[in-house]
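What follows is the residue order along each chain.
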Amino acid sequence: MQTVVYDSSFEGFFTAVFEIYEYKIKDPDIQQQGAAHVSLFGGRHTVHTDIAKATRVIKKLEAKLSADAFADIYRVLLSEQPGMENVLFRYIQYALQAAQSVETDYSHPDVLWIRQVVRKMGREKHRMEAFIRFLKTKDGLFYATVEPDFNVLPLIRKHFEDRYADQRWLIYDTRRKYGLYYDLHSVTEVTIDFAATLNDKASLRTLHDEQEDLYQSLWRTYFGSTNIQARRNMKLHIQHMPRRYWKYLTEKLPG
Amino acid sequence: MSERISEKLTILSDAAKYDVSCASSGSDRKNENKGLGNASNGICHAYTEDGRCVSLLKILLTNFCIYDCAYCISRKSNDIKRAAFTVQEVVDLTMNFYRRNYIEGLFLSSGIFKNADYTMERLVLVAKKLRTEHQFNGYIHLKTIPGASDELMQEAALYADRLSVNVEMPTKESLRLLAPDKNRNDMLKPMRYIDKALTQNQEEKKLFKKAPTLAPAGQSTQMVIGATPETDLQILYMSHFFYQKIHLKRVYYSGYVPVSNDNRLPAMGTPVPFIRENRLYQADWLMRFYHFRVDEIVSPQEPLLDAQIDPKLSWALRNLQLFPVDINKADYMLIMRIPGIGLQSARKICEARKFSRLGMHHLQKIGIAVNRAKYFITTSDAPVLKDYQPMQIKEFILNEGSSKYKPNFSPQLKLF
Ligand code: SF4
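Residues numbered from 1 in each chain as written. Chains lettered and ligands numbered in written order. Predicted model: local features only at pLDDT ≥ 70, side-chain atom pairs only at ≥ 80, totals over all residues. Heavy atoms only, no water.

(A) The arrangement of the overall build of chain B in detail. Scanning chain B from N- to C-terminus turns up 15 helices and ten strands. Scaling as 2.2 N^0.38, a compact globule of 416 residues should have a C-alpha radius of gyration of about 22 Å, and chain B matches this with 23 Å. Dimensions of chain B along its principal axes, counting C-alpha atoms only, are 70 × 55 × 40 Å. The burial tally for chain B puts 58% of its 416 residues in the buried class. In chain B, the share of contacts with a sequence separation of at least 24, taken over all contacts with a separation of at least 6, comes to 67%. As displayed, chain B offers around 17,800 Å² of accessible surface, 52% of which is attributable to carbon and sulfur atoms. (Helix = DSSP H or I, 4+ residues; strand = E, 2+ residues; numbered from the N terminus. Rg over C-alpha atoms; globule rule 2.2 N^0.38 Å. Buried < 20%, exposed > 50% of the residue type's maximum accessible area, 1.4 Å probe, protein only. Contact = heavy atoms within 4.5 Å. Areas by Shrake-Rupley, 256 points an atom, 1.4 Å probe, with all protein chains shown as cover.)

Have a look at this one:
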């Protein structure tokens, strides 16, 4: 077994795939730089991301896979699942040597695994689109902080860009320490060190628009009174809104 | 001022919540004017403690009403607090909730004050302001008021994504009994008018790309279940009529929540008929997505849906001669009719079998309810189960507990 180390970028991964073929590496174990898994035994090959090499692999794959299936590779790489690179590599091997398209061969364990991870990512993306709650600041910025289970910000970007085109907004992933910022023209990735401010609820409040509290409390009012007591079903409620998301939800926080 | 708004919101959302429709999908309004919002696949932004999806700000403009429908909490004779929003208040609430990502849009309904046109005019005005003054492209569902003029209907369709008239009572007789001021034709007339307008609009759109789209998410309605003695047969044939003849996009079934001591109605405290409601939704799905005909689901001999098992399983048990179905060969349309196999799984089966012959373990991995499906299929590896009688299969499946009667049903539950 040989450990193949890459820089965790999308292009880096495809460079790794290229070099495994190029150097005929047997039994590769692809790992990100700094990962704990780097094996003590066997060799180690370090990949230097090379756009030209990556592009060749991408071109080949695009010819073999549908646009959706290709995008799935990208989604899996954002999933941060241990071992994902190795599954993807086997899948790519399988796809490249097969005569027909293999992306719907659900009897193949790797195809099925990818499908399942993509679904999980899809679910988390969907939850973020549903559960993000913006707060409005005095200068008209709508901001939200999130801690998604996977790195889904790149996947929700378009949704928010399309929808909230006439307001400035910021969605910040406090776990991965970066955010998306929309300035009425375009979305950029930003890193801001404002964790300290975010933890200080009182000083945050002073930044808020004067009507922010009003609308939060109206939303809580609405959420409470739209419930039909005769139909109460907490199990279903929690199944749809798992507790770990409650911390974002205005309607679930005390006023 | 904020306290007053909050009180109005409490009263007018409380009165609106018995309308179970929450859908905000079916439209494809894009945000092309760099305004606010779009409408595509409706998102549930929250779930109430009763497990229902919250996707729209669902409120009444007012709960004052000149009518006295027995099943309605806003009926004239009911001694409750009344309130009315101004047009601007509804606009502000919608915009501010939408901007914070609380909702997908607005579902605005109303009690009837003064007369139909007066009420409808105000509903239309809210939608018009949102669209034209605020460049709001989120979802708007307007309740149309029976008896309002055609011009107002037309204008409503111009701004709204969806329009609905709730027939509430499945038959003329029940309506006469419980809503004596209402006339069934007054309800069907606007539905038919809108249906015509929408069809005409689609023709126009073919000719002139620029023609404005009328109510892209179409029409829907709601029937109250369990307040009156109709059978499932009557209810489902009614739905069938709505889907086929008026091209409604959705029919909602709302298990009656007792709101009155009126002796024409189930007493206060009578449990909401959740299971029946859920079975009706399942039957509705069979008609809309699984290509079942209504007479395959209910018949004069069996006018009620089986409460113990879902209507797809009961159809299969009545038609055992069609089974077992060969998973590796059968037509997609037949595969989707197998109990335990949903539309998605049916599609996956048809994809996956191009690569290899499928056995039970494949089906399990694909996510099929094998315990249920196994009585109805043959695969590459599993032995064909011996000939069981319908009652035996039903027993087995019920005892396995996968379909064990769960007391809590709602339209958002997994359907099969
Ligand atoms: S007309 Fe509508 S709001 Fe008025 S009592 Fe009848 S159902 Fe209720």
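Let's pick the thread back up.
(B) Quick look at the overall build of chain A. Of regular secondary structure, chain A possesses ten helices and eight strands. Projected onto its principal axes, the C-alpha coordinates of chain A cover approximately 65 × 45 × 35 Å. Buried positions account for 51% of the 255 residues belonging to chain A. In chain A, 67% of the contacts between residues at least 6 apart in sequence involve partners at least 24 apart.

(C) The packing of helix α3 (residues 67-77) of chain A against helix α4 (residues 84-97) of chain A, seen in detail. All names here are of chain A. Their axes nearest at 10 Å, the elements α3 and α4 cross at an angle of 160 degrees. Put simply, α3 runs roughly antiparallel to α4. For the pair α3 and α4, the sense of crossing is left-handed. Packed against α3, whose contacting residues are A69, I73, V76 and L77, the element α4 presents M84, E85, L88, Y91 and I92 at the interface. Partitioning the contact of α3 with α4 into residue classes produces eight nonpolar, no polar and one charged. (Axes fitted to C-alpha atoms, helices over the stretch in contact; angles between N-to-C directions. Parallel < 35°, antiparallel > 145°, perpendicular 65-115°, else oblique. Left-handed = near helix turned anticlockwise from the far one by under 90°. Nonpolar A, V, L, I, M, F, W, Y, C, P; charged D, E, K, R; others polar.)

(D) Structural view of the interface of chain A and chain B. Between chain A and chain B, the residue contacts involve 58 residues of the former and 61 residues of the latter. Each partner contributes to the roughly 5,300 Å² buried at the junction of chain A and chain B, and carbon and sulfur atoms together form 56% of this total. The tally of links between chain A and chain B comes to three salt bridges. When the shortest N-O distance is used, the salt bridge between R163 of chain A and E104 of chain B registers 2.5 Å. Counting the contacts that link chain A with chain B gives 26 residue pairs in polar contact (both at pLDDT 80 or more). Top contributing element to the side of chain A that touches chain B by residue count: helix α9 (residues 212-225) of chain A, with ten residues. Considering only residue class, the side of chain A that touches chain B consists of 25 nonpolar, 19 polar and 14 charged. (Buried area = accessible area lost by both parts, 1.4 Å probe. Salt bridge = Lys/Arg side-chain N within 4 Å of Asp/Glu carboxyl O. Polar contact = N/O pair within 3.5 Å; in protein donor to acceptor, adjacent residues only side chain to side chain.)

(E) A look at the environment of M391 of chain B. Residue and element names in this part refer to chain B. When you line up the elements, M391 lands in helix α15 (residues 390-400). What makes M391 exposed here is its relative accessible area of 57%. With 153 residues separating them in the primary sequence, M391 and M238 have C-alpha atoms 30 Å apart.

(F) Region of the structure containing the confidence of the model for chain B. Residue and element names in this part refer to chain B. When pLDDT is averaged along chain B, the result is 87; 94% of the residues meet or exceed 70. Note on residues 402-416: pLDDT is under 50 here. Beyond four places in sequence and across chains, it has 37 contacts. Predicted complex, confidence summary: ipTM 0.88, pTM 0.84. (pLDDT = per-residue confidence, 0-100.)

(G) Seen up close, the sheet that holds strand β6 (residues 168-173) of chain A. Residues and elements named next belong to chain A. The strand order β4-β5-β6-β7-β8 describes an open sheet built from five strands, whose pairing is mixed. The open sheet has two free edges, formed respectively by β4 (135-136) and β8 (187-190), since each of these has just one partner strand. Where β4 lies against strand β5 (residues 141-146), two bridges are found, and the strand directions are antiparallel. Bridging across to β5, L135 finds its partner in Y143. Against the sheet, helix α6 (residues 153-163) makes contact with β5, β6, β7 (178-182) and β8, and its axis sits at roughly 165 degrees relative to β6, the strand it touches most. (Pairing = 2+ DSSP bridges.)

(H) Inspection of the site of the ligand at higher detail. By nearness alone, every residue bordering the ligand is listed as C65, Y67, C69, C72, R75, G111, I112 and K182 of chain B. Of the residues assigned to the shell around the ligand, the class counts are five nonpolar, one polar and two charged. (Near = heavy atom within 4 Å.)

(I) Highlighting the sheet that holds strand β7 (residues 219-225) of chain B. Residues and elements named next belong to chain B. Strand order in the open sheet formed by six strands is β3-β4-β5-β6-β7-β8, with parallel pairing between adjacent strands. Taken across any chain shown, the strands that pair with only one partner, and hence form the sheet edges, are β3 (56-60) and β8 (250-255). Ignoring strand direction, the axes of neighbouring strands in this sheet form an average angle of 20 degrees. Against the sheet, helix α8 (residues 274-289) touches β7 and β8, its axis set at about 170 degrees to β8.

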